[in-house]
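Fold and geometry: a report
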Amino acid sequence: MSADDDDITEELLTDADKLTGLSLELLGLDPHPADMTPEQRLQFDPEDLAEMAALGPEDRGQQVQQARLLAGLLWNSSSILIDQLFRDLGNLSQLQSVTASEIAGTSVLSSLPPQFASSYDAKFTQKFIVVAADVTASLVRGWTAPGCLAAELAVRCLLDQAEITEDIYELDLPADWRAQVDEVLLADADSAALYSEGLAVLEDDADQLGFEHWFQPFGAGDTVPPYACS
């Protein structure tokens, strides 16, 4: 590991304390039986409790560091995501028209479902920035499930950015970290269907997955920032 890699690791571990909206347990850290209440221990099989308790201090320390590193990575990636979305907006604002090839060259919008690329104009990007900012704020104020398709897509863009940073610096994270985070942040998400290669899925669920529905709240209990709903 290079000096730069050491520097980014220390920076991310420091940022971990800022991610107050998700616990380390939600990011994959198994709790230690000694830290559980009797009621919490009842939720686990005796074999699982014994396995958790048998974990040595060194392995436990690595698990804690990996969870903290992931927390810091999400915090760091949130800032990069919004910054790059503003950069995409600036570039789009200079275009006479938006084409799929132009979107393919963007930093964040290129991660969105490509079949709708010609619709990712400046107005869309402004609304998407507002939703993405609201999503990243949930990482601090307390996580709530995305309230619309655009918010789910913003989460996917956030995790894409986290993967880029992980690849660049070869961070010491579990191999399945993205699957674990997907399970927490995108449980029961419908937006995965938007990346389907077949059009049948989109045609069958057009009343839910159509582009015109991306900023509409899923249900009565879901919220979307007013600007994005306008």
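Relevant structure appears above.
So, here's what we can say about the structure. Starting from 1, residues in each chain are numbered consecutively following that chain's sequence as written. Confidence filtering applies because this is a predicted model: local features only for residues at pLDDT of at least 70, side-chain atom pairs given and counted only at 80 or more, and all residues used for totals across whole chains, interfaces and linings. Excluded from the side-chain calculation are hydrogens and water; included are all heavy atoms of the structure.

**Things to note about the overall build of the protein chain**
In terms of helices and strands, the protein chain carries 11 helices and zero strands. Secondary structure elements follow DSSP: runs of H or I no shorter than four residues count as helices, runs of E no shorter than two count as strands, and numbering proceeds from the N terminus. Counting from the amino terminus, helix and strand elements in the protein chain follow one another as α-α-α-α-α-α-α-α-α-α-α. Burial classes: relative accessible area under 20% of the type maximum marks a residue as buried, over 50% as exposed, and values in between as partly exposed (1.4 Å probe, protein chains only). For the protein chain, buried positions account for 40% of its 230 residues. Here a residue-residue contact requires only that any non-hydrogen atoms of the pair lie within 4.5 Å. Residue pairs at least 24 apart in sequence account for 69% of intrachain contacts in the protein chain once pairs closer than 6 positions are excluded. Summed over its atoms, the accessible surface of the protein chain is roughly 12,100 Å², and 50% of this surface lies on carbon and sulfur atoms. Think of it this way: Lys and Arg go in the positive column, Asp and Glu in the negative one, and His and the chain ends go nowhere. We put the charge of a Lys on NZ, of an Arg on CZ, of an Asp on CG and of a Glu on CD. Side chains of the protein chain give 10 positive and 42 negative charges; the mean places of these two sets differ by 8 Å. For every accessible area listed, the method is Shrake-Rupley and the probe measures 1.4 Å; residues are considered covered only by the protein chains on display.

**Side note on the packing of aromatic side chains**
Each Phe, Tyr or Trp ring (for Trp, its six-membered ring) is paired with any other whose centre lies within 6.5 Å, and the angle between the two planes then decides the class: stacked below 30 degrees, edge-to-face above 60, tilted in between. Under the criterion given, the structure shown has 10 aromatic pairs. Aromatic side chains Phe124 and Phe215 sit 5.7 Å apart centroid to centroid with 65° between the ring planes, which places their arrangement in the edge-to-face category. Of this pair, Phe124 sits in helix H6 (residues 122–141) while Phe215 sits in the loop between helix H10 (206–209) and helix H11 (226–229), placing them 91 residues apart in sequence. When its relative accessible area of 9% is taken as the criterion, Phe215 is described as buried. Among the aromatic side chains, those forming a connected cluster through ring pairs are Phe116, Tyr120, Phe124, Phe128, Phe211, Trp214 and Phe215.

**Quick notes on the environment of Gln40**
When you line up the elements, Gln40 lands in helix H2 (residues 38–41). It is 35 Å that separates the C-alpha atoms of Gln40 and Thr165, two residues lying 125 residues apart in sequence.

**Quick look at the pattern of salt bridges**
We count a salt bridge whenever a side-chain nitrogen from Lys or Arg sits within 4 Å of a carboxyl oxygen from Asp or Glu. Here the structure, examined in full by the defined rule, presents seven salt bridges. A salt bridge links Arg87 to Asp83; the nearest nitrogen and oxygen atoms lie 3.5 Å apart. Taken together, the positions of Arg87 and Asp83, both in helix H4 (residues 57–92) and four residues apart, correspond to about one turn of that helix. Each of Asp160, Glu163, Arg178 and Asp182 takes part in a single network of salt bridges with overlapping partners.

**Thoughts on a negative patch on the surface**
On the surface, Glu25, Asp30, Asp35, Asp45, Glu47, Asp48 and Glu51 cluster together into a negatively charged patch. Turning to its location among the elements, Asp30 is positioned in the loop between helix H1 (3–15) and H2. The partly exposed category is assigned to Asp30, whose relative accessible area is 38%. Every patch collects residues that have over 30% relative accessible area and no salt bridge, joining them within 9 Å if they carry like charges and within 5 Å if they are nonpolar side chains (Val, Leu, Ile, Met, Phe, Trp, Tyr).

**Focus: the environment of Leu171**
Turning to its location among the elements, Leu171 is positioned in the loop between helix H7 (149–169) and helix H8 (177–185). Distance from Leu171 to Leu73, taken between C-alpha atoms, is 9.4 Å for residues 98 residues apart in sequence. Those residues within four positions of Leu171 in sequence are excluded, and the remaining contacts are Ile8, Thr9, Leu12, Leu69, Leu73, Thr165 and Glu166.

**Observations regarding the state of the cysteines**
The disulfide criterion used throughout: a pair of cysteine sulfur atoms within 2.5 Å. Enumeration according to the criterion identifies zero disulfides in this entry. A disulfide-free cysteine, Cys148 has its sulfur positioned 7.3 Å from the sulfur of Cys229, the nearest such atom. Free cysteine: Cys157, not disulfide-bonded; nearest cysteine sulfur from Cys148 at 13 Å.

**Quick notes on the nonpolar core**
Definition used in this section: a nonpolar core is a set of buried Ala, Val, Leu, Ile, Met, Phe, Trp, Tyr and Cys residues joined via side-chain atoms within 4.5 Å. By size, the foremost hydrophobic cluster in this structure holds 56 residues, and its most contacted members are Leu85, Tyr120, Phe128 and Trp214. For this core, the secondary structure elements donating two or more residues are H1, H4, H6, H7 and H8. For Phe128, the contacting residues outside a window of four places in its chain are Leu85, Leu112, Ala150, Leu153, Ala154, Cys157 and Phe215.

**A few points about the packing of H6 against H7**
Running from N to C, H6 and H7 cross one another at 70°; their axes reach a closest spacing of 9 Å. When the axes of H6 and H7 are compared, the pair comes out roughly perpendicular. In this structure, H6 meets H7 at a crossing whose hand is right-handed. Listed contacts from H7 to Phe128, Val131, Ala132, Val135 and Leu139 of H6 are Ala150, Ala151, Leu153, Ala154, Val155, Cys157 and Leu158. Under the scheme applied, nonpolar residues are Ala, Val, Leu, Ile, Met, Phe, Trp, Tyr, Cys and Pro; charged residues are Asp, Glu, Lys and Arg; polar residues are all the others, including Gly. Partitioned by chemical class, the residues of the contact of H6 with H7 number 12 nonpolar, no polar and no charged. Only the contacting stretch of a helix is used when fitting its axis, a line to C-alpha atoms as for every element, and angles between N-to-C directions run 0 to 180 degrees. Working definition: roughly parallel below 35 degrees, roughly antiparallel above 145 degrees, roughly perpendicular at 65 to 115 degrees, and oblique for all remaining angles. Should the near helix be turned counterclockwise from the far one by less than a right angle, the crossing is left-handed, whereas a clockwise turn marks it as right-handed.

**Considerations on the side chain of Ser138**
Mapped onto the elements, Ser138 comes out in helix H6. Once residues within four sequence positions are removed from consideration, Ser138 is found in contact with Gly21, Trp143 and Thr144.

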